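Structure at a glance
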There are 2 protein chains.
Amino acid sequence: MAKTEAKSPRERYRVQVRAEIKERAWEQIATAGASALSLNAIAKQMGMSGPALYRYFASRDELITELIREAYQSLAGTFRTAVATGADLAGLAHALRGWAVENPQRYLLIYGTPVPGYHAPEDITGISSEIMTALLDACTALAPTGSAAPFSAHLDDHRDWADGHPAPPSALHRALAFWTRLHGVLSLELAGHFTNMGFDPALLFAAELDDLLTHRA
Amino acid sequence: MAKTEAKSPRERYRVQVRAEIKERAWEQIATAGASALSLNAIAKQMGMSGPALYRYFASRDELITELIREAYQSLAGTFRTAVATGADLAGLAHALRGWAVENPQRYLLIYGTPVPGYHAPEDITGISSEIMTALLDACTALAPTGSAAPFSAHLDDHRDWADGHPAPPSALHRALAFWTRLHGVLSLELAGHFTNMGFDPALLFAAELDDLLTHRA
DNA sequence: CAGGTTCGTGATAGCCTCTAACAAAACTTT
DNA sequence: AAAGTTTTGTTAGAGGCTATCACGAACCTG
């Protein structure tokens, strides 16, 4: 049952130190943003001197990539357990918002402003497609909704991103709308653009979700 | 007609140098992101040595703040001319997308991932409320749409952010939906999350806009 | 216990922001 | 025009960062 193969005690120590580094990194990101992440500061916090961290992560970029991977896996796991407990599209939305509000820095690492040159490694896009599959499943399971929107037709001609998923075009359309609309609310909320505006972001999120479920997408 | 008051030649030189600094800064941001902006590199590019730039901007933060201000003013100007040429809500959406696609780095500076500690100065929130006013105007001018959505009622109780604007609650609701939905599409597109997915982001944007205009918001 | 592997260290190079002291140029005032 | 004041740019330097290197020390393995 143990996925962490109990190897040599050295291996154990290594993964433990890596885990602590990542933990401190998340704290730093939460308080000062990903751009202010400092390997040096983490090392000093852990009582060891600067370059020692390079035994565990080849570079600052590799650490950040690992954090991105972790964030994706966390979101994918949230979706997986939601699906396992019988969540429909509304359930997925609820799970998404709960996760995002609880881990704003993780959400923003995934969906926030990217560094122009950066390209995610292969396995990360794999996890991202697992998330998309869960979304497509929920959308196909929902309702036929004979959507006559011209964009649905366009999607039927450009469905390579669905990766062989048997979703009808209206489900593809609804999945994209789900993604973009909920992201629209969440990203603005997490970025603080709704502060001092008075209304409750959760209600706006709920209203968008309701529109997504009752209207044809 | 000249807004730039022809003051002393020194003043002229100063604003010119500041302008060139900002221009180089935008180039850097476009190629490496805002976090990689380096005053030092800009100075060297301009043929002067490091600390000279601090005569023009007190700190790196002040330069970035100025860039954010510039971005807000650029967007507000785009909206202003759109309104002046008789644009309705659809026209605003078109103007928004055109501006965002042409100035992705500006859009992301405004609506992208914020630095946790940062607080925008007063005048910037002023420009931002001008943008919101244009949006609310367009939404009130549109259609009555007796929206019975519960969120509209909530907005009627929390309309302080509209700053005295006489928009009916359904217009407030539509303005928020306009903002969040179009931002949802735009931000994901600009962040590159649609690349390699095959479909045309412009069509998704158009579909979202159409939904916004034909359905009750 | 001998041997190779891994880990942490200090030194160093090369970036960066930002301050301070100083020189030179440019406007202002007399 | 001469003298004085303000603005501009310079170099030097403190302190931070990423990252590499060579070296000693600790550690598992045979």
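Residues numbered from 1 in each chain as written. Chains lettered and ligands numbered in written order. Predicted model: local features only at pLDDT ≥ 70, side-chain atom pairs only at ≥ 80, totals over all residues. Heavy atoms only, no water.

Observations concerning the domain arrangement of chain A
Residues and elements named next belong to chain A. Definition in use: Each domain span listed reflects an automatic or database assignment of domains. What counts as buried area is the accessible surface, traced by a 1.4 Å probe, that two parts surrender upon association, with contributions from both included. A carboxyl oxygen of Asp or Glu within 4 Å of a side-chain nitrogen of Lys or Arg is what we treat as a salt bridge. Under this grouping Gly is polar, as are all residues other than the nonpolar Ala, Val, Leu, Ile, Met, Phe, Trp, Tyr, Cys and Pro and the charged Asp, Glu, Lys and Arg.
The domains assigned to chain A are domain 1 (1-57) and domain 2 (65-214). The junction of domain 1 with domain 2 conceals about 680 Å² of combined surface from both sides, 74% of it contributed by carbon and sulfur atoms. Among the residues domain 1 hides against domain 2, the three largest losses belong to K22, W26 and I29. Together they make up 75% of the total. At the junction of domain 1 and domain 2, the tally comes to 3 salt bridges. Salt-bridge contacts for E66 lead to R18; the nearest nitrogen and oxygen are separated by 3.8 Å. Of the residues in the side of domain 1 that touches domain 2, the class split is 7 nonpolar, no polar and 2 charged.

Remarks on the relation of the copies chain B and chain A
Short version of the rule: Fitting of the copies onto one another was done by least squares over C-alpha atoms, counting residues only where both copies have pLDDT of at least 70. Residue contacts are defined here by distance: any two heavy atoms, one from each residue, within 4.5 Å place the two residues in contact.
Each copy of the sequence occupies a distinct position, and chain B is placed on chain A by a rotation of 180° and an axial shift of 0.0 Å, giving an RMSD of 0.1 Å. Taken together, the rotation and translation describe the operation of a two-fold axis. Relative to the rotation axis, the C-alpha of G184 of chain B is the closest in chain B, positioned 1.8 Å from it. Counting the interface residues of chain B, we find that 100% of their copies in chain A are interface residues as well, pointing to one common contact surface.

Topic: empty space enclosed by the protein
Using the following cut-off: The rule is simple: put a 1 Å grid over the protein atoms alone, call a set of points where a 1.4 Å probe fits but cannot get out a cavity, call an open set with protein on both sides within 12 Å along at least five of seven lines a pocket, and count a residue as lining if it has an atom within 4 Å of a point. Grid points are joined across faces, edges and corners, and a volume is the space filled by probe spheres set on the points. Only DSSP runs of H or I reaching four residues or more are called helices, and only runs of E reaching two or more are called strands; each is numbered from the N terminus.
Across all of its chains, the model carries 1 cavity of 30 Å³ or more by this definition. Approximately 110 Å³ is the volume found for the largest cavity. If you trace the largest cavity, you find 14 residues lining it, with Y111, G112 and T113 of chain A together with Y111 and G112 of chain B closest to the centre. Mapped onto the lining of the largest cavity, the elements with two or more residues apiece are α5 (104-111) and α8 (169-190) of chain A together with α5 (104-111) and α8 (169-190) of chain B. Residue classes in the lining of the largest cavity are distributed as 6 nonpolar, 8 polar and no charged.

What to know about the side chain of Q28 of chain B
Residue and element names in this part refer to chain B. Cut-off, in case you're wondering: Here the term buried applies to any residue with accessible area under 20% of the maximum for its type, exposed to any over 50%, and partly exposed to those in between, with areas from a 1.4 Å probe on protein chains only. Between N or O atoms, a polar contact is any pair within 3.5 Å; within protein, one atom must be a potential hydrogen donor and the other a potential acceptor, and residues adjacent in sequence are included only when both atoms are from side chains.
In this structure, Q28 sits in helix α1 (residues 9-32). Overall, Q28 belongs to the buried group, its relative accessible area being 13%. At a separation of 2.9 Å, a polar atom in the side chain of Q28 contacts the main-chain amide nitrogen of S38. Discounting residues that sit within four places of it in the chain, Q28 has contacts with G33, A36, L37, S38, A41 and I42.

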